[in-house]
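# Structural features, examined
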Amino acid sequence: MTDKSVFTLVNKSNGNLAFKVLSFADNSYFDHLQRQNYYSVIIITKGSGHLKSDFSEYDFTERAMLFFTPYQPFMITAMDELVGVAIQFHPDFFCIYKHQREVACHGVLFNNIYQPPFMTIAEKELKIFLDIIEQIKVEMQKTELAQFELLVSYLKIFLINASRIKTAQDPEIKMDETAKEPFILHKLKNAIEDHYRTKSSKLECFFNS
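This text gives an overview of the structure that appears in the document. (Residues numbered from 1 in each chain as written. Predicted model: local features only at pLDDT ≥ 70, side-chain atom pairs only at ≥ 80, totals over all residues. Heavy atoms only, no water.)

## Digging into the sheet that holds strand β4 (residues 49-53)
In plain terms, the rule: In short, DSSP must find at least two bridges between two strands for them to pair. Numbering of helices and strands runs from the N terminus, with a helix taken as a DSSP run of H or I at least four residues long and a strand as a DSSP run of E at least two residues long. To get an axis, fit a line to the C-alpha atoms, keeping to the stretch in contact for a helix; angles then go from 0 to 180 degrees between the N-to-C directions.
Taken in spatial order, the 3 strands make up an open sheet running β5-β4-β7, and their pairing is antiparallel. Lying at the two open borders of the sheet, with one neighbouring strand each, are β5 (56-60) and β7 (74-78). Adjacent strand axes in the sheet meet at a mean angle of 20° when their direction is disregarded. Where β4 lies against β5, 5 bridges are found, and the strand directions are antiparallel. Pairing of Ser 53 across the sheet is with Ser 56, part of β5.

And the structure:
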């Protein structure tokens with residue numbers, strides 16, 4: 001690992017991305033259409049921009065946290081210099097739907113078509129998330145016992161804190177928003193997450209068609 005701004009964990013069984021932390025100081029990573037097979041959480045520490053996601057468009061400023069599910073299309077246009085950090089993880093590494101009872105972010109941070117896919121946080125909240133990310137970076141440079149379990153634990157803490165902030169900002173979001181989703185859409189999202197290992201190639205063709 002030569003670039004200290006990128007920390008990557010690869011699934012040794014198939015060579016695919018499992019977990020990644022990326023620090024960025026420009027918009028070159030996100031200025032074109034994104035439709036990846038992993039979850040993305042992007043924190044903007046400096047700057048502002050314009051987000052296109054699914055069929056909607058939004059403006060955001062610094063201290064924005066953006067959340068995207070696998071295959072969810074999005075693109076970010078910078079209004080001024082963007083600086084921040086992104087966490088990306090594959091459903092094989094951590095499945096949001098399967099861990100819903102633990103982290104309570106399904107329908108809060110992810111998979112909610114009725115809410116913008118981002119929130120703006122306070123300065124003290126930003127520090128909490130950046131501190132967790134620094135701990136993740138340190139652990140990703142190790143090859144010690146139970147590395148996977150510890151990284152998952154850090155990720156859970158990260159997502160739980162984000163879910164708490166989002167529901168505090170909008171108490172009505174605590175209700176199960178997935179129950180509102182069109183039945184076919186909800187079933188499709190669950191199928192992606194529950195059966196990704198056996199369906200990945202077919203789903204990729206479907207979404208890229």
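Once you've had a look at it, read on.
## Remarks on the pairing of strand β8 (residues 83-89)
We apply this condition: Only protein chains enter the accessibility calculation, which uses a 1.4 Å probe; a residue is then buried when its area is under 20% of its type maximum, exposed when over 50%, and partly exposed in between.
Most of β8 sits inside the fold, with 6 of its 7 residues counted as buried. In this structure, strand β3 (residues 39-46) lies alongside β8, joined through 7 bridges in antiparallel fashion. Across the sheet, residue Ile 42 finds its bridge partner in β8, namely Ala 86.

## A look at the nonpolar core
Selection rule: Nonpolar cores were defined as sets of buried Ala, Val, Leu, Ile, Met, Phe, Trp, Tyr and Cys residues, with membership established by side-chain atoms within 4.5 Å. We call two residues in contact whenever any of their non-hydrogen atoms come within 4.5 Å of each other.
Ranked by internal contacts, the top residues of the largest apolar core, which has 37 residues, are Phe 19, Met 65, Ile 87, Phe 89, Phe 158 and Leu 159. Every element with two or more residues in this core is listed here: β2 (17-24), β3, β6 (64-68), β8, α2 (123-140) and α3 (147-169). It is α3 that provides the largest number of residues to this core, a total of 8 residues. If we ignore the near neighbours within four places in the chain, the residues touching Phe 158 are Val 41, Ile 43, Met 65, Ile 87, Phe 129, Ile 132 and Ile 133. Phe 24, Ile 42, Leu 51 and Tyr 58 belong to the second-largest nonpolar core, a separate cluster that totals 17 residues.

## Brief notes about the packing of α2 against α3
Filter applied, for reference: An angle below 35 degrees is read as roughly parallel, one above 145 as roughly antiparallel, one from 65 to 115 as roughly perpendicular, and any other as oblique. Residues are sorted three ways: Asp, Glu, Lys and Arg are charged, Ala, Val, Leu, Ile, Met, Phe, Trp, Tyr, Cys and Pro are nonpolar, and all the rest, Gly among them, are polar.
As a packed pair, α2 and α3 sit with axes 10 Å apart at the nearest point and diverge in direction by 170°. Classed by the angle they form, the pair α2 and α3 counts as roughly antiparallel. For the pair α2 and α3, contact is made by Glu 125, Ile 128, Phe 129, Ile 132, Ile 133, Gln 135, Ile 136, Glu 139 and Met 140 and by Gln 147, Leu 150, Leu 151, Tyr 154, Ile 157, Phe 158, Asn 161, Ala 162 and Ile 165, respectively. Looking at the contact of α2 with α3, its residues break down into 13 nonpolar, 3 polar and 2 charged.

## Here's the deal with α2
Applied cut-off: Helix span, expected: 1.5 Å multiplied by one less than the number of residues in the helix. Arc definition: it is the arc formed by the directions from the helix axis to the C-beta atoms.
Taking 1.5 Å as the rise per residue, α2 with 18 residues should run 26 Å; its terminal C-alpha atoms sit 26 Å apart, in good agreement. Within the span of α2, buried status applies to Leu 126, Phe 129, Ile 132, Ile 133, Ile 136, Lys 137, Glu 139 and Met 140. Viewed along the axis of α2, the buried residues span an arc of 165°, placing them on a single side of the element. With respect to the buried face of α2, the exposed residues turned more than 90 degrees away are Glu 123, Lys 124 and Lys 127. The inward-facing, buried residues of α2 contact β1 (6-10), β2, β3, β6, β8 and α3.

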